[in-house]
Amino acid sequence: MESAITPKSIINVAAICGSLRKASFNRGLIRSAIDLTKQSVDGISINYVDISPLPMLNTDLEIDGKYPPAVAAFRDRILQSDCFLFASPEYNYSVTAPLKNAIDWASRPPNVWADKAAAIVSAGGGFGGGRSQYILRQSGVYLDLHFINKPEFFLNAFESPSKFDDEGNLIDPEAKERLRSVLLALKAFTLRLREEK
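Bear in mind the structure is a predicted one, so any value in this text is a computation, not a measurement.

S.K.: For this particular structure, what's the right way to read the pairing of strand 1 (residues 11-17)?
M.R.: Walk down a regular strand and you will see the side chains alternate between the two sheet faces. Of all seven residues in strand 1, six are buried; the element is thus mostly enclosed. With five bridges connecting them, strand 1 and strand 2 (residues 44-48) associate as parallel partners. Bridged to I11 within strand 2 is I44. Since strand 1 and strand 2 lie parallel, the crossover through helix 1 (residues 25-39) that links them has a hand, and here it is right-handed.

Here it is as structure tokens:
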């Protein structure tokens, strides 16, 4: 049974997808996570953060200690969030270029990722995007991000029965329940970190 959540304790989650494709399976995971918070996971508000407007990292764009407007807006959203949900497809055994770019922009001084909880979910072929999660966890060490360890969520998007519809929406009940477990773990860990501060 979940504990009562007061308005002050609502957890604001920034959800970041490494894929820019509209029908991306990983964006579908984020949409499903948002739906779950409205149906069966109290105390969490998930906001999708679009990383597509970010320019490629180039420190020449940092002028007089200021970032380009799109970067400044992104960094502010990261700073204002309590924790993070990454949906990370796997490209060449690693994270995508857009996701790495976003991570790097928000890590520029001051690092706005620091000392917050995070969870990773992924969908794809074979290992379900799992190798990207290892790379992201490794980056998290330097970023001072605190990833939940369990439950892990890797989803082979091409196994039968179908996991997603033609628009990239998650339709598999078992996967939705596993995703719900990730959100509950992220909530619990975020609250624990909040109490320790």
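S.K.: For this particular structure, what's the right way to read the pattern of salt bridges?
M.R.: Pairs may arise between side chains of opposite charge once their charged atoms sit close together. Throughout the structure, instances matching the rule amount to five salt bridges. E90 is the partner of R131 in a salt bridge, and the nearest nitrogen-oxygen pair spans 3.2 Å. Taken together, the residues R131 in helix 4 (residues 130-143) and E90 in the loop between strand 3 (83-87) and helix 3 (97-107) connect sequence positions 41 residues apart. For E90, a relative accessible area of 22% corresponds to the partly exposed category. When the shortest N-O distance is used, the salt bridge between K100 and D104 registers 2.8 Å.

S.K.: Would you take a moment to explain the packing of aromatic side chains for this structure?
M.R.: Aromatic rings in a pair are described by how distant their centres are and how their planes are angled relative to each other. Taken as a whole and assessed by the stated rule, the structure comprises ten aromatic pairs. With centroids separated by 6.4 Å and ring planes inclined at 70°, the aromatic side chains of F74 and W113 adopt a geometry described as edge-to-face. A residue pair is termed long-range when its members are at least 10 positions apart, and F74 in helix 2 (residues 69-80) and W113 in the loop between helix 3 and strand 4 (116-124) qualify at 39 residues. Residue classification places F74 among the buried residues on the basis of a relative accessible area of 4%. A ring pair is formed by F86 and F147, whose centres lie 6.1 Å apart and whose planes are at 50°; its orientation type is tilted.

S.K.: Even after reading the chapter, I still don't get the environment of F25, so can you show me in this structure?
M.R.: Here F25 shows up in helix 1. Not counting residues within four places of it along the chain, the set of residues in contact with F25 comprises A123, A157, F158, F164 and G168.

S.K.: Sorry if this is basic, but what is going on with the packing of helix 2 against helix 3 here?
M.R.: In a packed pair of helices, the relevant descriptors are the angle between the two axes and the axis-to-axis distance. Close contact between helix 2 and helix 3 brings their axes to 9 Å; oriented N to C, the two are set at 80°. Considering the angle they form, helix 2 stands roughly perpendicular to helix 3. From helix 2, V71, F74, R75 and I78 reach across to helix 3, where they touch A102, W105, A106 and S107. Residue classes in the contact of helix 2 with helix 3 are distributed as six nonpolar, one polar and one charged.

Each value, and the rule that gives it
Residues numbered from 1 in each chain as written. Predicted model: local features only at pLDDT ≥ 70, side-chain atom pairs only at ≥ 80, totals over all residues. Heavy atoms only, no water. Buried < 20%, exposed > 50% of the residue type's maximum accessible area, 1.4 Å probe, protein only. Helix = DSSP H or I, 4+ residues; strand = E, 2+ residues; numbered from the N terminus. Pairing = 2+ DSSP bridges. Right-handed = clockwise from strand over helix to strand, strands pointing away. Salt bridge = Lys/Arg side-chain N within 4 Å of Asp/Glu carboxyl O. Phe/Tyr/Trp six-rings, centres within 6.5 Å; stacked < 30°, edge-to-face > 60°. Contact = heavy atoms within 4.5 Å. Axes fitted to C-alpha atoms, helices over the stretch in contact; angles between N-to-C directions. Parallel < 35°, antiparallel > 145°, perpendicular 65-115°, else oblique. Nonpolar A, V, L, I, M, F, W, Y, C, P; charged D, E, K, R; others polar.

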